[in-house]
Amino acid sequence: MKTFPWEERPAGCTDVMWRSSKNPVIGRYHTKNSNSIFNSAVVPFGDGYAGVFRCDNKAVQMNIFVGFSKDGENWDIADEPIHFEPGNTPMIESEYKYDPRVTWIDDRYWITWCNGYNGPTIGIGYTFDFKTFHQCENAFLPFNRNGVLFPQKFNGRFAMMSRPSDNGHTPFGDIFLSYSPDMKYWGEHRCLMKVAPFTDSAWQCTKIGAGSVPFLTDEGWLMFYHGVINTCRGYRYSMGAAILDKENPEKVLYRTKPYLLAPATDYELTGDVPCVVFPCAAITEGDKVAVYYGAADTCVCMAFGRISEILEFVKNNSL
Ligand code: BMA
């Protein structure tokens, strides 16, 4: 039996979102060869959940691994990386894979990730069953990261957010939206969301990137994203949310001025890359949402919230 992972807001907590008391739900050495498991994606599947996990091994080679869970909290993750068969193109090179997202569209689960192809760009694959996987054309030229698909088509076309970047630790970055009729050729690239002015909302003033797959609410698409500020000791990654128009996702209706979650606990402040909260997935049940985020590039964590409260917060505290 599938159970939705959930905890009520802890007594005394006045924040709109709160952390799981079981964090980190997946520790860094959860699989045989892992150095770290973080920035990973989860979807409902069968009588439980399936996930695609970023595991860096002890040689710090980055790859993606399939996992299954009945309760969204206890995970069985493969020791070997996902093997891809050719999809809509002959097999293309992949020097590394990281930061996966998973989206159900029409008849299958689509996976997007940061694919190493002469630098980082957006890789795309699909699976029907999380057993056999197919790799498609890369969506874009290098350099790009944080490719996140919408779970439905708009006017018959797939829609994907992404963040054009550089070959390194990218000191800039806005979120773009692109369309494709076939998951192979992408175009009509539109700027969707830009970094915030330093004086208005500094936690998101250096770069931003799409996080979880957006889901529909009464107010429009709700999407969790990350925002970055460059500090004396490096980047600090926090989480905010945006509401996009239901019919036309190019319209950003509201977007958080204060963050929803920022590095504050030991497991977010300390790790391979300190001070990182990096959302990659959200699952819902009724008014409940559970967000999966990577903490400090080391482990997988969860945060909870009530969708109605988050919508109110985003609307009342919009940039
Ligand atoms: C980004 C990516 C993410 C990582 C983040 C913080 O550029 O590499 O995988 O979580 O930096 O280090």
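I will try to describe carefully the structure that is included in this document.

Cut-offs applied
Residues numbered from 1 in each chain as written. Predicted model: local features only at pLDDT ≥ 70, side-chain atom pairs only at ≥ 80, totals over all residues. Heavy atoms only, no water. Helix = DSSP H or I, 4+ residues; strand = E, 2+ residues; numbered from the N terminus. Rg over C-alpha atoms; globule rule 2.2 N^0.38 Å. Buried < 20%, exposed > 50% of the residue type's maximum accessible area, 1.4 Å probe, protein only. Areas by Shrake-Rupley, 256 points an atom, 1.4 Å probe, with all protein chains shown as cover. Lys, Arg positive; Asp, Glu negative; His and termini not counted. Charge placed at Lys NZ, Arg CZ, Asp CG, Glu CD. Near = heavy atom within 4 Å. Polar contact = N/O pair within 3.5 Å; in protein donor to acceptor, adjacent residues only side chain to side chain. 1 Å grid on protein atoms, 1.4 Å probe; cavity = no way out; pocket = protein on both sides within 12 Å on 5 of 7 lines; lining within 4 Å. Sits in = over half its atoms within 2 Å of the grid points. Nonpolar A, V, L, I, M, F, W, Y, C, P; charged D, E, K, R; others polar. Pairing = 2+ DSSP bridges. Axes fitted to C-alpha atoms, helices over the stretch in contact; angles between N-to-C directions. Phe/Tyr/Trp six-rings, centres within 6.5 Å; stacked < 30°, edge-to-face > 60°.

### Focus on the overall build of the protein
- In terms of regular secondary structure, the protein is built from three helices and 22 strands.
- Against the 2.2 N^0.38 benchmark of 20 Å for 319 residues, the protein shows a C-alpha radius of gyration of 18 Å, consistent with a compact globule.
- Split into buried and exposed, the 319 residues of the protein put 57% on the buried side.
- On the protein, roughly 12800 Å² of surface is accessible, and the fraction owed to carbon and sulfur atoms is 51%.
- For the protein, the distance from the average site of its 30 positive side-chain charges to the average site of its 36 negative ones is 2 Å.

### Some words on the site of the ligand
- The environment of the ligand is made up of Asn39, Arg54, Asp99, Tyr237, Val273, Val276, Phe278 and Asp297.
- Contact between the ligand and Arg54: an oxygen atom at 2.7 Å from a side-chain N or O atom of the residue.
- One nitrogen or oxygen atom from the side chain of Asp297 is found 2.6 Å from an oxygen atom belonging to the ligand.
- Counting atoms within 2 Å of the grid points, the majority share of the ligand lands in the largest pocket.
- Here the shell around the ligand is built from residues that sort into four nonpolar, one polar and three charged.

### Points about the sheet that holds strand 11 (residues 144-149)
- With respect to topology, four strands assemble into an open sheet ordered 11-12-13-14, the strand pairing being antiparallel. In this open sheet, the two strands that pair with only one neighbour each are strand 11 and strand 14 (187-193). On average, each strand axis in the sheet is tilted by 30 degrees relative to the strand beside it, whichever way the strands run.
- Bridge count between strand 11 and strand 12 (residues 158-164): four bridges; the pairing is antiparallel. Looking at the pairing, Leu149 lines up with Met160 of strand 12.

### So, the packing of aromatic side chains
- Enumeration over the complete set of coordinates arrives at 24 aromatic pairs.
- With centroids separated by 6.1 Å and ring planes inclined at 40 degrees, the aromatic side chains of Phe45 and Phe68 adopt a geometry described as tilted. One end of the pair, Phe45, is in strand 2 (residues 34-45); the other, Phe68, is in strand 4 (residues 62-69), and 23 residues separate them in sequence.
- In this structure Phe45 comes out as partly exposed when scored by relative accessible area, which is 22%.
- For the ring pair Tyr237 and Phe278, a centre distance of 5.9 Å and an interplane angle of 45 degrees mean the geometry is tilted. Placement of Tyr237 in strand 18 (residues 234-244) and of Phe278 in strand 20 (residues 277-285) is noted, with a sequence separation of 41 residues between them.
- With relative accessibility at 6%, the residue Phe278 sits in the buried group.
- Ring pairs connect the aromatic residues Phe45, Phe68, Phe84, Trp104, Tyr109, Trp113, Phe130 and Phe133, which therefore count as one cluster.

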